[in-house]
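Spelled out from the first residue to the last, the chains are:
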Amino acid sequence: MTPYIREKKSFGFEDIPENTAFEAGYLVTVNSGWRNIRPVVNAEKCVGCMQCYLYCPDGVISVKNGKAEIDYNFCKGCGICSKICKPNAIEMEDER
Amino acid sequence: MSVKAKDLCAEEFFYGHKACAGCGGSLAVRNALKVLGKNAVAVLPAGCMSAVGFNFPQLCFGNNAIISTFAGTASMLTGIEAGFRARGITDFTAVGFAGDGGTADIGIQALSGAIDRNDNIIYICYDNEAYMNTGIQKSGLTPFGAKTTTTPAGKNIHGNIRPKKNMFEIAAAHDIPYAATATVGYMNDFLDKVKKASEIKGTKYIHVIAPCPTGWGIPVSDTVEAAREIADCGLWYLAEYENGEFTLNYDPKEFTDVTAYLKKQGRFRHLTDEDIAVIVKSRDEKWKKIRGSWNLK
Amino acid sequence: MPKKFLSGDEAFAEGVRLAKPDVISAYPITPQTIVVERLSEMVEDGSLDAEFIHVESEHSALSCAIGASAAGVRAFTATSSQGLLYMAECLTYASGGRFPIVMMNANRSTALPWNIYGDQRDSLSLLDSGWIQAYAENAQESLDLALMSFYIAENEKVSTPFMVNLDGFTVTHTYEEADVPEASAAENFLPPYRTENKLDLESPKNMAFSAGPEHNYIFKYKEHRAMLEAVSVIEEAERKFAEIFGRSYTGLIEEYLTEDADFVIVTLGSIAGLCRETADKLRAAGKKVGVVRIRYMRPFPASQLAAALKNAKAAAVLEKDISFGNEGAVFSEVNSALFRYGTFIPTYNFIGGLGGRNISASDIESIFEAMEKGLSEKINFIGIGGERQ
């Protein structure tokens, strides 16, 4: 299961478990605030080779209908995808 | 049997973690889990990956995962494997992900014990060549010449004075069923090795180079490039140990320039020509031995 | 019930066999070795269906047991002295993760100087590790605690690891006649281990995680609360144990002739027997003396001790321990309990038996006499004298 953002984000006395075992993949915060630059996919140039998907440390790239898509909630803007992309289909743009 | 990107499990099992941008370790963990699938039971000792992945209530593993003590990756894997077997569960893979310090230093005793018992586990060492989580201190896998916060480069001593421990051959010397080296720069090779390990019974050890941009002093976008170059210039090698024999998987016709590899990285920038000559000499001696006695693929 | 002639270690191994752990991971150390040897034989002859894991250190012994417990099965380990200290990191790991592992510890002196004989400095130095700590007096109690420890530790409200301490050599290696319960009766006593605190393929978990300052202390509070829950579960276990096996125990402390006693020795472990014999002798001579044996150091019997000593004129804590630069750790604990519950009587500390040195009947008699006469020194080393100020 891919971890995802849950509705319940704050935990008070009663919610804290007795032991240190909890539901796998329970996320309460995103990483989008880490970025200064963001990868932008040029769908015309993207050939769907999946290299960006393969080398993304955060696993935020998926290839849908033959084109790379980025989950900007969790992309940290490292730029590995842009460097690895042979057809130069991913440009790094400044975050505004 | 080569594992391609499209063969990987579409689900992500290491997601939303707080690793630094461009982290090589998280790339290794992420993709190994995508090879092993949802029934992987992961053990991670104290270190980068556990620090960035398990902060209640932000829990970033989609599969079963647990932090072990720093020294206890292998011994906890043993216990989990035995426990699952006692419950009659067979369709799972116990896999550990420990850093270089957690493997070659504090965890080497437990790892040796597990290999000695031939416990049915996969142990993956993601090697970023220093204690990065605590702020770049020298480990047993820090290479010769590297500057760390505990091996500062000064006039008298130019960084770390000792070469890397050879964990791959240490594991092999136990006559382990399977051991391999890899780098996150050549991902398909790494994925093939993880897949192969998952199909072998007994203890498996995979040592994967996983650059840390913060500790290596490289741009965050250059992780993969650095991880390729280390193999291309001959300072790392891609190999396997199986059935008592070593096999080299990648034999570059010509090495790329070692100086170019080193000088791109902040941790090596202080090295003199003499220092680099020492590194090149030890590389050439190692490759002479490899090419003289290992199977060449 | 068949009676057997067993050492404390062997009796404990028999208790473990009856408890049927799934995973045993252990590393040999004197005077614990007999336990792991017997358990290995039981696995070999098929009378115990467990995975016996030959780990390469005590750290791995407990780390492996934690892994097994995290996989949802019953886990056992055993150690002593240096081994206990070597695995100390894993002790707080097991308790913080609420893994109800049972461990036998053969109480032995800690280096330096090297010494393999019994004192209690090893386990007493780890009172704050979050483990339940019981101290057995003899082989029979060792066997019975082996069974009861799993019952108590695995109770859902408790879910806390359990350390059973046997005095090195005086209990571990001393042969006595002991009842070994039938396996069917043991099954009636101890239910199979069931928990949600486990890695689970159907409902995956992230375990043994970090928790920052906001949440961490709540986890710690709940850990403390669970240990306190153990008090009633110990009573429940002993009641059920008595029903099935016909042997009774008395909870956190065991009192002997304390009801009208003026002078009471408080102690723990195997020396309690000699204290009771001495008390009998002095009673015959008209002295009103009694003995309290602490069976559990954690959870600590604070109110029980205060009540037991309420009418005494003085009490002496006899222990095989010293917290260097202070006093015996048990003495500190007892004083704190008496103060908390308003039992204000003079108390004295007698430290003896370090490194296995013998404590004789006349030593014990002298302690009773000293209490009666009154002592200027609070902290006394048997055979050496009072603490120099």
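If you're wondering where the values come from, they're calculated on a predicted model, not measured in any experiment. (Residues numbered from 1 in each chain as written. Chains lettered and ligands numbered in written order. Predicted model: local features only at pLDDT ≥ 70, side-chain atom pairs only at ≥ 80, totals over all residues. Heavy atoms only, no water.)

Caption draft 1: The pattern of salt bridges, seen in detail. All names here are of chain C. Tallied over the entire structure, the rule returns 55 salt bridges over all chains. With a closest N to O distance of 3.0 Å, E141 and R293 form a salt bridge. Residue E141 is found in helix α7 (residues 139-154), and its partner R293 is found in strand β13 (residues 289-294); the two are separated by 152 residues along the sequence. The class for R293 is buried, based on a relative accessible area of 2%. Residue D144 is joined to R247 by a salt bridge in which the shortest nitrogen-to-oxygen separation is 2.6 Å. (Salt bridge = Lys/Arg side-chain N within 4 Å of Asp/Glu carboxyl O. Helix = DSSP H or I, 4+ residues; strand = E, 2+ residues; numbered from the N terminus. Buried < 20%, exposed > 50% of the residue type's maximum accessible area, 1.4 Å probe, protein only.)

Caption draft 2: Region of the structure containing the interface of chain C and chain B. Contacts between the two partners involve 36 residues from chain C, matched on the other side by 38 residues from chain B. Surface buried jointly by chain C and chain B totals about 2800 Å² across both partners, of which 61% is contributed by carbon and sulfur atoms. For chain C, the biggest contributors to the area lost against chain B are L199, L201 and N206 of chain C; these three give 24% of the whole. The tally of links between chain C and chain B comes to two salt bridges. R117 of chain B is the salt-bridge partner of E56 of chain C, the closest N and O atoms lying 3.3 Å from each other. Here chain C is connected to chain B by 21 residue pairs in polar contact (both at pLDDT 80 or more). (Contact = heavy atoms within 4.5 Å. Buried area = accessible area lost by both parts, 1.4 Å probe. Polar contact = N/O pair within 3.5 Å; in protein donor to acceptor, adjacent residues only side chain to side chain.)

Caption draft 3: Local environment of the sheet that holds strand β17 (residues 379-381) of chain C. Residue and element names in this part refer to chain C. Spatial ordering of the open sheet is given by β11-β13-β12-β15-β16-β17-β18, a layout of seven strands whose pairing is mixed. Whereas interior strands pair on both sides, the edge strands pair on one side only; in this sheet they are β11 (253-256) and β18 (385-386). Pairing of strand β12 (residues 263-268) with β13, which is carried by six bridges, proceeds in the parallel orientation. By the bridge assignment, F263 is partnered in β13 with V289. Running over the sheet, helix α13 (residues 361-373) touches β12, β13, β15 (314-319) and β16 (347-351) and is turned about 135° from β12. (Pairing = 2+ DSSP bridges. Axes fitted to C-alpha atoms, helices over the stretch in contact; angles between N-to-C directions.)

Caption draft 4: Fine view of the nonpolar core. With 166 residues, the main nonpolar core has L33, F97, I124 and F190 of chain B as its most contacted residues. Counting residues in hydrophobic clusters, the runner-up holds 55 residues, among them V35, A139, Y151 and F162 of chain C. (Core = buried A, V, L, I, M, F, W, Y, C linked by side-chain atoms within 4.5 Å.)

Caption draft 5: Quick peek at the interface of chain A and chain B. Each side of the interface is counted separately: chain A has 35 residues, and chain B has 44 residues. Of the roughly 3100 Å² buried at the junction of chain A and chain B (both faces included), carbon and sulfur atoms supply 57%. Counting the surface chain A buries against chain B, the share from its top three residues, Y53, L54 and Y55 of chain A, is 21%. Seen at the junction of chain A and chain B, the total is two salt bridges. Of the charged contacts, one joins K83 of chain A and D222 of chain B as a salt bridge, the two residues approaching to 2.5 Å between their closest N and O atoms. Along the contact surface separating chain A from chain B lie 27 residue pairs in polar contact (both at pLDDT 80 or more). Those elements giving two or more residues to the side of chain A that touches chain B turn out to be β2 (21-23), β3 (26-27), α1 (51-55) and α2 (80-84) of chain A. Class assignment for the residues of the side of chain A that touches chain B results in 23 nonpolar, six polar and six charged. (Nonpolar A, V, L, I, M, F, W, Y, C, P; charged D, E, K, R; others polar.)

Caption draft 6: Just the environment of A146 of chain C, in detail. Along the chain, A146 of chain C turns up in helix α7. Discounting residues that sit within four places of it in the chain, A146 of chain C has contacts with F12, G15 and V16 of chain C.

Caption draft 7: Region of the structure containing the side chain of K198 of chain C. Here K198 of chain C lies in the loop between α8 (183-189) and β9 (205-207). At 2.9 Å, the side chain of K198 of chain C forms a polar contact with the backbone oxygen of T195 of chain C. Excluding residues within four positions of it along the chain, K198 of chain C makes contact with R87 of chain B together with A70, A71, G72, K205 and M207 of chain C.

Caption draft 8: Here's a closer look at the packing of aromatic side chains. Residue and element names in this part refer to chain B. This model, assessed by the stated rule, comprises 35 aromatic pairs over all chains. Within the aromatic cluster, the residues linked to one another by ring pairs are F168, W236, Y237, Y241, F246, F255, W287 and W294. The ring of Y186 carries R228 above its face, with NZ or CZ at 5.8 Å from the centroid. (Phe/Tyr/Trp six-rings, centres within 6.5 Å; stacked < 30°, edge-to-face > 60°. Lys NZ or Arg CZ within 6 Å of the ring centre and 35° of its normal.)

Caption draft 9: Up close: α7 of chain C. All names here are of chain C. Here α7 spans 23 Å end to end across 16 residues, near enough to the 22 Å set by a 1.5 Å rise per residue. The sharpest bend along α7 comes to roughly 30°, located at M148. Of all 16 residues in α7, 16 are buried; the element is thus mostly enclosed. Among the residues of α7, the N-terminal cap falls to N138, whose side-chain oxygen and the backbone nitrogen of Q140 are separated by 3.3 Å. (Expected span 1.5 Å × (residues − 1). Bend = angle between axes of the 7 residues up to and from the residue.)

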